[in-house]
Amino acid sequence: MEGDDASVFGCPSAAPSRAPPAVRSEVQYAKYTYTPLNALKPKTVVNVYGVVTFFKPPFPSKGSDYSSMIKITDQSDAKVCCNIFAKNMDDHPVILKVGDIIRLHRFKTELYNDSMMLITCRGWSAVTFDGIIDSPVVPRSTSKSFHFVESEKRRVQELRQWAADQSVLSNDLTVPLSVVKPCMYFNLTCQLLAKAVMDSRCVLLKVWDGTKCQHPLLNVAVPPDSVEGESTVAKDRMNLTANVLVYDNHIEVARSLKPGMFLRIFNLHALSQRAPDEQSNQTEQLTFHLHGGTVYGRGLRNIPQDSQELPPLKRQLENHVDLEDDDEVNDDTLLEMWYTPPESVVMRNDEEPDGEADVETSFTVRTCQHTSQRVTLAQVKRSTPPLVCHVRAQVKTYHPQQLYQCLKLFCSKCKIMREVPDDNTIAELFCESARGYQPCHETWAARSSASLSKQGRNISMYISIDMVGDDTQSQLIFVQGMTLNEVCMLSRDHKNLVPVRSDNGRMNLIDLTAPFLFCRDKRYYGCKECSLNTFENPVFTGVETWDEHTVAEALGVQLMEYRLLMEFKLEDHTDTLEALLWERNAERFFSVSAVDASAKQDVQERIQTIMDTLQPQGSNIEERPWLDLCLSVYTVKDNGRNKVCYQITDAEVREVN
């Protein structure tokens, strides 16, 4: 039939979330009349077609249902709001963008604030269609019992053509990552690569759309064992991965998503991560936030595999089908693997490895309590993780070759690892903070100042009033306007120096790229992402001994820890493999502490001497010493596959002369 009448299979008289009734032996037909939106009357049950002008994806309601809201229009130019309630999120109509066509059956009309409204009632159903002209008319339905005939296909095509000429429908904010700018709100069509639950209020989604953002993207580091999905290291390196932080009422939907799904995220916010006290010439990094609430249609949902939205996205992703994590070793790849391996079984070997006679003393000793015999590297690579094994090997090469790069700063809270800044960078930050000097006016602080007239600058020192009269060795001293060299010289005689600047007379730390504390010859850094960095209500009483931990707590700073991180390429007569040396195991290996390695010349020279012994300049492999090592073998996720990794544990170098 044509016109406003159509023959369809009857829908069951039950909510879509319930199981469909048994199929009867005879086909039943129902005749539906579709009412124009300008002809709706209150307190009736109607069937309508419309074009979506606005929508909110499904979200948990205050009750036990999921709720969604849609605004529609048709050729009558009337505009109607529809409220939909269903027990399950998947029972809601699949709407992906403004301009989609929707068919609603058995909706009740209500008059609210002089406007007509449609509300779900018993037995309701909804079918949606892509609104793009000339695209196939393929119905999207969450119900198994619906029918669609030729006359309705013509109705959908007519609505598409009419909607294409309406300016009200030209506000689709869906854009690719390649055009996103800071502070922008937009819709993103993407594929979910991985996800991680950050805490009860936030879920991290790692997504991509195959395009490269023109701004550097922030990589939110999380422990590998908390990530569900593939490794994103290679895509991160190419600026292809968007880290989306999902909050509040959207968390339940985010938790239900599976890696590999295709998504549409609505009203996503691109935020710059540059802190207010960073310099204007420093590079911004973008991260993306899906804030709580449903204003402006904010939300997310998965896209069905048969959607016409997906072919362009899939073609874009196929441009990177050969993208693999390469063999280059850098901090990103190491960070994927550094976490302490799981408890493992001990690999045993009833035979001494072929050709491995102890013709010379090992340069290292094992400190573990395992009693297993040694195995070859080839046997290790053939083994099934997790396990612990003993090997005897030589160092073929190591990374990084510049040993100062093996010292890292690590935040135990957010798991971010960064390089230790060089003195030139720190000195520039000190000089920048000294420009436009203004003294700090804090009620809790006593100040002494000096004017360096020849240099045209001023310097100030502050201490808490509670500390006045204390031994200077136990005081916490705040310094303003000094250069890096001046702070270093002063720290020889004073244990705890905190560089500060003035913000309109209020004391604040300088850029956390620089150390927040100088303690004799040591420098301590804070995490930009996790530090509160506040002097609102500092508490300096009741502290017997000031050290980096008590100072950080008093200043609201998340202390970053020094860590040693290296990779050795080991070789024996059977094979080679790359093994990490990290954290406490690295300190044990070199018999040093990472914090001492950051400050003491003799400790740095010790590490250099050991590495020069392991790989003497110009030597071949036969001339290098043998190492007795304990290896932990474990796996991490890499592009959806398990990747076997090796870590050196419980070994230390014999005494170096």
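In this text the structure is predicted, and so the values were computed from the model without any measurement. (Residues numbered from 1 in each chain as written. Predicted model: local features only at pLDDT ≥ 70, side-chain atom pairs only at ≥ 80, totals over all residues. Heavy atoms only, no water.)

Could you give me a rundown of the overall build of the protein chain, with the residues and numbers involved?
Each helix and strand in the protein chain was counted, giving 12 helices and 32 strands. Partitioning the contacts of the protein chain with sequence separation of at least 6, the portion at a separation of at least 24 is 66%. As presented, the protein chain carries roughly 31,400 Å² of accessible surface, and 48% of it is formed by carbon and sulfur atoms. (Helix = DSSP H or I, 4+ residues; strand = E, 2+ residues; numbered from the N terminus. Contact = heavy atoms within 4.5 Å. Areas by Shrake-Rupley, 256 points an atom, 1.4 Å probe, with all protein chains shown as cover.)

Requested: an account of the packing of aromatic side chains, with residues and values cited.
Between two aromatic rings, the relevant description is the distance of the centres plus the angle of the planes. Applying the stated criterion across every chain, the model contains 10 aromatic pairs. A ring pair is formed by phenylalanine 55 and phenylalanine 266, whose centres lie 4.9 Å apart and whose planes are at 90°; its orientation type is edge-to-face. One end of the pair, phenylalanine 55, is in strand β3 (residues 45-60); the other, phenylalanine 266, is in strand β13 (residues 262-272), and 211 residues separate them in sequence. In this structure phenylalanine 266 comes out as buried when scored by relative accessible area, which is 3%. Members of the aromatic cluster, connected to one another through ring pairs, are Phe568, Phe589 and Phe590. The positively charged end of lysine 235 is found above the aromatic ring belonging to tryptophan 208, 4.9 Å away from the centroid. (Phe/Tyr/Trp six-rings, centres within 6.5 Å; stacked < 30°, edge-to-face > 60°. Buried < 20%, exposed > 50% of the residue type's maximum accessible area, 1.4 Å probe, protein only. Lys NZ or Arg CZ within 6 Å of the ring centre and 35° of its normal.)

Report on the pairing of strand β4 (residues 66-73), specifying residues and quantitative values.
In terms of burial, β4 is largely enclosed, as seven of its eight residues are buried. By the bridge criterion, seven bridges tie β3 to β4 in an arrangement that is antiparallel. For lysine 56, the partnering residue across the bridge sits in β4 and is methionine 69. Linking two consecutive strands that pair antiparallel, namely β3 and β4, is a turn of five residues. Two strands pair when backbone bridges link them, and β4 and strand β5 (residues 79-86) are joined in this way by eight bridges, in the antiparallel orientation. (Pairing = 2+ DSSP bridges.)

Please provide a residue-by-residue account of helix α10 (residues 583-590), values included.
Summarising burial for α10: six of the eight residues are buried, a large majority. By the burial criterion, the buried members of α10 are Glu583, Asn585, Ala586, Glu587, Phe589 and Phe590. A positive phi of about 55° marks serine 591, the residue just after α10.

Requested: an account of the environment of isoleucine 610, with residues and values cited.
Considering the arrangement of structural elements, one finds isoleucine 610 in helix α12 (residues 601-614). C-alpha of isoleucine 610 to C-alpha of glutamate 655: the two residues are 45 residues apart in sequence and 10.0 Å apart in space.

Tell me about the nonpolar core, and name the residues and values.
Counting 63 residues, the largest nonpolar core has Phe568, Leu570, Phe589, Phe590, Met611 and Leu614 as its most contacted members. If one sorts the elements of this core by residue count, strand β18 (residues 387-399) sits on top with six residues. With sequence-adjacent residues up to four places away left out, phenylalanine 589 is seen in contact with Thr364, Phe568, Leu581, Ile610, Leu614, Leu629, Ala651, Glu652 and Val653. (Core = buried A, V, L, I, M, F, W, Y, C linked by side-chain atoms within 4.5 Å.)

Go over the environment of arginine 160 with me, naming the residues and quoting the values.
By secondary structure assignment, the location of arginine 160 is in helix α1 (residues 150-164). For the pair arginine 160 and phenylalanine 129, spaced 31 residues apart in sequence, the C-alpha to C-alpha distance is 9.7 Å. Ignoring anything within four residues of it in the chain, the contact list for arginine 160 reads Ile101, Asp130, Gly131, Ile132, Ile133, Asp134, Ser135, Pro136 and Val137.

Summarise the pattern of salt bridges; cite the residues concerned and give the values.
Under the counting rule described, the total for this entry stands at 28 salt bridges. Because the salt bridges share partners, they merge into one network encompassing Lys97, Asp100, Asp130, Arg140, Arg264 and Glu309. (Salt bridge = Lys/Arg side-chain N within 4 Å of Asp/Glu carboxyl O.)

Help me get a handle on unusual backbone geometry, residues and values and all.
Between histidine 399 and the following residue, proline 400, the backbone shows a cis peptide bond with an omega angle of 0°. Tracing the sequence through the fold places proline 400 in the loop between β18 and β19 (407-410). The phi angle at aspartate 77 is positive, at roughly 70°, despite the residue not being glycine. Relative to the elements of secondary structure, aspartate 77 occurs in the loop between β4 and β5.

I'd like a rundown of the pairing of strand β25 (residues 506-509), residues and numbers included.
Here strand β24 (residues 496-503) pairs with β25 via four bridges, running antiparallel. Pairing of valine 500 across the sheet is with leucine 509, part of β25. Linking β24 to β25, which pair antiparallel, is a turn of two residues; within it asparagine 504 sits at a positive phi near 55°.

Go over the confidence of the model for the protein chain with me, naming the residues and quoting the values.
Residue-level pLDDT values for the protein chain average 81, and 82% of them are 70 or greater. Ignoring residues within four places in sequence, the model shows residues 1-29, a span with pLDDT below 50, making 54 contacts including any to other chains. Low pLDDT, under 50, characterises residues 325-344; the predicted model gives this stretch 57 contacts beyond four residues in sequence or across chains. (pLDDT = per-residue confidence, 0-100.)

Give me the lowdown on the environment of tyrosine 525, citing residues and values where you can.
Locating tyrosine 525 in the fold gives a position in the loop between β27 (522-524) and α9 (548-555). On a C-alpha basis, the gap between tyrosine 525 and valine 420 in space is 8.9 Å, while along the polypeptide they are 105 residues apart.

Please provide a residue-by-residue account of the side chain of arginine 298, values included.
Looking at where arginine 298 falls in the secondary structure, it is placed in the loop between β14 (286-290) and β15 (299-302). Here arginine 298 sits buried without a salt bridge, and the closest side chain of opposite charge, aspartate 248, lies 8.0 Å off (N-O distance). For arginine 298, the residues in contact, after removing those within four places along its chain, are Pro57, Tyr185, His250, Phe266, Asn267, Leu290, His291, Gly292 and Gly293. (Lys, Arg positive; Asp, Glu negative; His and termini not counted.)

Hey, could you go over the side chain of threonine 241 for me, with residue numbers and the actual values?
The residue threonine 241 is located in the loop between α2 (233-237) and β12 (242-247) in this model. What makes threonine 241 buried here is its relative accessible area of 3%. Of the polar contacts made by the side chain of threonine 241, one reaches the side chain of aspartate 236; its length is 2.8 Å. (Polar contact = N/O pair within 3.5 Å; in protein donor to acceptor, adjacent residues only side chain to side chain.)

Describe in detail α12, supporting the description with residues and values.
With 14 residues, α12 extends 20 Å from end C-alpha to end C-alpha; this agrees with the ideal 20 Å at 1.5 Å per step. Along α12, the positions that sit buried rather than exposed are Val603, Arg606, Ile607, Ile610, Met611 and Leu614. Burial along α12 is one-sided: seen end-on, the buried residues are contained in an arc of 125°. Taken together, the buried residues of α12 touch β18, β28 (561-571), α10, α11 (594-597), β30 (627-638) and β32 (651-653). (Expected span 1.5 Å × (residues − 1). Arc of directions from axis to C-beta.)

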